2 protein chains.
Amino acid sequence: MHRWDTVAIIGVGLIGGSIGLAVRQRKLARQVIGIGRSEASLAKAKAHGCITETTTSIAKGVEKADIVVVCTPVASIHEHVAAAAAHCPADCLLTDAGSTKGEIVSKVEAALGGNSPRGLRFIGSHPLAGSEQNGPEAARADLFEGRVVVLTPTDVTAAAAVEGVEQFWLALGANVVHMSPSDHDEALAATSHLPHLVASALAAATPDELLPLTAGGWQDTTRVAAGDAELWRQILLSNRAGTLKALADFEKVLSRLRVALETGDGPLLAALLAEGKRRRDALGS
Amino acid sequence: MHRWDTVAIIGVGLIGGSIGLAVRQRKLARQVIGIGRSEASLAKAKAHGCITETTTSIAKGVEKADIVVVCTPVASIHEHVAAAAAHCPADCLLTDAGSTKGEIVSKVEAALGGNSPRGLRFIGSHPLAGSEQNGPEAARADLFEGRVVVLTPTDVTAAAAVEGVEQFWLALGANVVHMSPSDHDEALAATSHLPHLVASALAAATPDELLPLTAGGWQDTTRVAAGDAELWRQILLSNRAGTLKALADFEKVLSRLRVALETGDGPLLAALLAEGKRRRDALGS
């Protein structure tokens, strides 16, 4: 009847909680085990309907799992995947929801490698969903519907992991694309990590006394800067090379805009603004 | 019964149309005359309920006006105010809705000055409202409710203009603050003109092929880049000095973030992100 018997989620915040809610609402598993450090936080997630069981023990939480999804902050994902791998059944699949992939995948593969002739049962995932909000209270069952999830298989990923984890995200309503971990990090630097850096710089550069003179434009442009600073510190440090490259590309465009302003070059300014508008219009609101 | 007999609006787009809608919904005037270059656009504004009369002649449109609000693009506002002043009644008040004030106010005062012993009946206004949308179809009667309108009186502004135009915006539900034109331009450079420049650069720096990998963060951060490129070219050129100063301040913060990334300085990165979050959190979503 259910597609999976047991789904285990390590880290039940906005993303982990939304996965649990979606699995439960779509009746994809008999039970959803939430694994976390804090009983209080797990109790909130259970009260919100995200999970059916709770435990602070990774070993206990994954022992009957068919699939484990690690949704903890980027810097600790590899340790949690390794801990889950040490205690879950042999045919259990492992994935994560981290915003960066290169460092995480290489660390996980280093930790799990060597004993897997048919390939590793871990594959990196990154659901392009979320918000500046945090915690299971902000979880939504439809968070992944119509959203892109990037899977990052490598040479050593088992075919069963690619197939099984893809089916998992598709079952939550997402669209799945495959990229290498390094291609993922280069792309997401431009589309997510750099925008966060820029929004944060814009917010920090605005004097407090001018905040009453902000309106919708400033609020939209800086919204993501309200995201958890520690989570974003980890993301940016985990994708330093990609973010620095995207930042250099951005600074080139910004510099052209500055020169157009300095020289009062109306046609150049108009052309640059039109180029930004063209890209933005391609996406809709 | 009505507070004003005749309100004339030159330029009936999003802002002008919203002023008309608000005046009519609040029954503040007997008639609202829309003045524009295109009969077709005026007909749309009338059909949307923004105005009661239409004309393409400024001379005819303002001849019985109690107050004229010029809502045309920034570069043409001073000409339209001067044209209105030449044909409106002697006690008619004049204001505008431009996003910059220094250049507009000095050009208007140069055009109107010399024949006003009791001060000029023009005062600059900037309603901090709007969106990336355009045209009277996007107009909303509540656009100004609870929003800030900056008035920029100078040494030569008549007291009657300060008082009358303030009462006008208050009647539309706005909160009014007073600043000098140059203080306004310096402040709005940081809170509006720079965010537009940055959003536009971010959108333009994102390769087309990566657009499918954008999510809510990119969409929020770049939203204003969808604004009309010609309107924003005029705004940015009209406030070059202010925008360049705000850009320099932003580039300093961004540079500190770049150094923190380059050197892998986690504590510095965390501190800078926390500072951006603090400013953003101060405003709410």
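Quick note: structure is the one above.
Residues numbered from 1 in each chain as written. Chains lettered and ligands numbered in written order. Predicted model: local features only at pLDDT ≥ 70, side-chain atom pairs only at ≥ 80, totals over all residues. Heavy atoms only, no water.

S.K.: Honestly, the overall build of chain A in this entry has me stumped. Any pointers?
M.R.: Each helix and strand counted, chain A has 11 helices and eight strands in total. Taken along the three principal axes of its C-alpha coordinates, chain A extends 65 × 40 × 30 Å. Going through the 285 residues of chain A one by one, you find that 56% of them count as buried. Residue pairs in contact within chain A that sit at least 24 positions apart in sequence constitute 74% of those at least 6 positions apart. Here chain A displays about 11,100 Å² of accessible surface, and carbon together with sulfur accounts for 50% of that area. Averaging the coordinates of the 27 positive side-chain charges in chain A and doing the same for the 31 negative ones gives two points 3 Å apart. (Helix = DSSP H or I, 4+ residues; strand = E, 2+ residues; numbered from the N terminus. Buried < 20%, exposed > 50% of the residue type's maximum accessible area, 1.4 Å probe, protein only. Contact = heavy atoms within 4.5 Å. Areas by Shrake-Rupley, 256 points an atom, 1.4 Å probe, with all protein chains shown as cover. Lys, Arg positive; Asp, Glu negative; His and termini not counted. Charge placed at Lys NZ, Arg CZ, Asp CG, Glu CD.)

S.K.: Hey, could you run me through unusual backbone geometry in this one?
M.R.: Trans is the common state for peptide bonds, and a negative phi is the common state for residues other than glycine. For lysine 27 of chain A, which is not glycine, the phi dihedral falls at a positive 50 degrees. A relative accessible area of 55% places lysine 27 of chain A in the exposed class.

S.K.: What should I look at first to understand the environment of alanine 83 of chain A in this one?
M.R.: Residue and element names in this part refer to chain A. Residue placement: alanine 83 occurs in helix α4 (residues 77-87). A residue is classified by how much of its surface remains accessible, and alanine 83, at 26% relative accessible area, is partly exposed. Separated by 28 residues in sequence, alanine 83 and alanine 111 place their C-alpha atoms 9.8 Å apart.

S.K.: What am I meant to see in the relation of the copies chain A and chain B here?
M.R.: Put simply, the two copies of the chain differ by a rotation about an axis and a shift along that axis. With an RMSD of 0.0 Å, chain A superimposes on chain B once it is rotated by 180 degrees and translated 0.0 Å along the axis. Classification of the inter-copy transformation places it as that of a two-fold axis. Residue threonine 221 of chain A, judged by its C-alpha, is the member of chain A lying nearest the rotation axis, at 2.0 Å. The share of interface residues of chain A whose copies in chain B are also at the interface is 100%, consistent with both copies meeting through the same surface. (Least-squares fit on C-alpha atoms with pLDDT ≥ 70 in both.)

S.K.: What is the right way to look at the pattern of salt bridges in this model?
M.R.: Two side chains with opposite charge may pair up if their charged atoms get near one another. Within the structure shown, the criterion is met by 32 salt bridges over all chains. We note a salt bridge from arginine 258 of chain A to glutamate 251 of chain B, for which the minimum N-O separation is 3.2 Å. With arginine 258 of chain A in helix α10 (residues 240-262) and glutamate 251 of chain B in helix α10 (residues 240-262), this residue pair bridges two chains. For glutamate 251 of chain B, a relative accessible area of 23% translates into the label partly exposed. One connected set of salt bridges, linked through shared partners, spans Asp208 of chain A together with Glu275, Arg278 and Arg279 of chain B. (Salt bridge = Lys/Arg side-chain N within 4 Å of Asp/Glu carboxyl O.)

S.K.: I tried to follow helix α11 (residues 266-281) of chain A on my own but got confused; where do I start?
M.R.: The end-to-end C-alpha distance of α11 of chain A is 22 Å, a good match for the 22 Å that 16 residues give at a rise of 1.5 Å each. Every buried residue of α11 of chain A is accounted for by Gly266, Leu269, Leu272, Leu273, Gly276, Arg279 and Arg280 of chain A. Looking down the long axis of α11 of chain A, one finds its buried residues gathered within 160 degrees of arc, a one-sided arrangement. Those residues of α11 of chain A that are buried are in contact with α10 of chain A together with α7 (181-204), α8 (216-222) and α9 (229-238) of chain B. The backbone nitrogen of leucine 268 of chain A has a side-chain oxygen 3.1 Å away, supplied by the residue at the start of α11 of chain A, namely aspartate 265 of chain A. (Expected span 1.5 Å × (residues − 1). Arc of directions from axis to C-beta. Polar contact = N/O pair within 3.5 Å; in protein donor to acceptor, adjacent residues only side chain to side chain.)

S.K.: Is there a simple way to explain the packing of helix α7 (residues 181-204) of chain A against α10 of chain B in this structure?
M.R.: As a packed pair, α7 of chain A and α10 of chain B sit with axes 8 Å apart at the nearest point and diverge in direction by 130 degrees. In terms of orientation, α7 of chain A and α10 of chain B fall into the oblique class. Here the hand of the crossing between α7 of chain A and α10 of chain B comes out right-handed. Two secondary-structure elements touch here, α7 of chain A through Leu197, Val198, Ala201, Leu202 and Ala204 of chain A and α10 of chain B through Phe250, Val253, Leu254, Leu257 and Leu261 of chain B. Split into classes, the residues belonging to the contact of α7 of chain A with α10 of chain B amount to 10 nonpolar, no polar and no charged. (Axes fitted to C-alpha atoms, helices over the stretch in contact; angles between N-to-C directions. Parallel < 35°, antiparallel > 145°, perpendicular 65-115°, else oblique. Left-handed = near helix turned anticlockwise from the far one by under 90°. Nonpolar A, V, L, I, M, F, W, Y, C, P; charged D, E, K, R; others polar.)

S.K.: Help me understand the sheet that holds strand β2 (residues 29-35) of chain B, please; the structure alone is not making it clear to me.
M.R.: Think of a sheet as strands paired side by side through backbone hydrogen bonds, with each pair either parallel or antiparallel. Residues and elements named next belong to chain B. If you walk across this open sheet you meet the eight strands as β3-β2-β1-β4-β5-β6-β7-β8, and the pairing is mixed. Looking at which strands have only one partner, the edges of the open sheet turn out to be β3 (53-55) and β8 (175-178). With strand direction ignored, the average angle separating the axes of adjacent strands in the sheet is 25 degrees. Relative to strand β7 (residues 148-152), strand β6 (residues 122-127) runs antiparallel, the two sharing four bridges. When the bridges of β7 are listed, proline 127 appears paired with valine 149. Its contacts with the sheet put helix α5 (residues 102-112) on β5 (93-96), β6 and β7, and the angle it makes with β6 is roughly 160 degrees. (Pairing = 2+ DSSP bridges.)

S.K.: Would you explain the interface of chain A and chain B in this entry?
M.R.: When the parts of a complex come together, some accessible area is lost, and that lost area is often taken as the interface size. Counting residues at the interface gives 79 residues for chain A, matched by 79 residues for chain B. For the pair chain A and chain B, the summed buried surface comes to about 7,100 Å²; carbon and sulfur atoms form 71% of the total. Joining chain A to chain B, the criterion identifies eight salt bridges. Two residues, aspartate 208 of chain A and arginine 278 of chain B, come together in a salt bridge whose shortest N-O distance is 3.2 Å. Connecting chain A to chain B are 22 residue pairs in polar contact (both at pLDDT 80 or more). Contributing elements (two or more residues each) for the side of chain A that touches chain B: β7 (148-152), α7, α8 (216-222), α9 (229-238), α10 and α11 of chain A. The greatest single-element share of the side of chain A that touches chain B, amounting to 15 residues, is contributed by α7 of chain A. Considering only residue class, the side of chain A that touches chain B consists of 46 nonpolar, 17 polar and 16 charged. (Buried area = accessible area lost by both parts, 1.4 Å probe.)

S.K.: I'm lost on the packing of α10 of chain A against α11 of chain A in this one. Help?
M.R.: How two helices pack is summed up by the angle between their axes together with the distance between the axes. Residue and element names in this part refer to chain A. Packing of α10 against α11 brings their axes to within 8 Å, and their N-to-C directions diverge by 150 degrees. With respect to each other, α10 and α11 are oriented roughly antiparallel. For the pair α10 and α11, the sense of crossing is left-handed. Judged by residue contacts, Arg256, Leu257, Ala260 and Leu261 of α10 engage Leu268, Leu269 and Leu272 from α11. Considered class by class, the residues forming the contact of α10 with α11 number six nonpolar, no polar and one charged.

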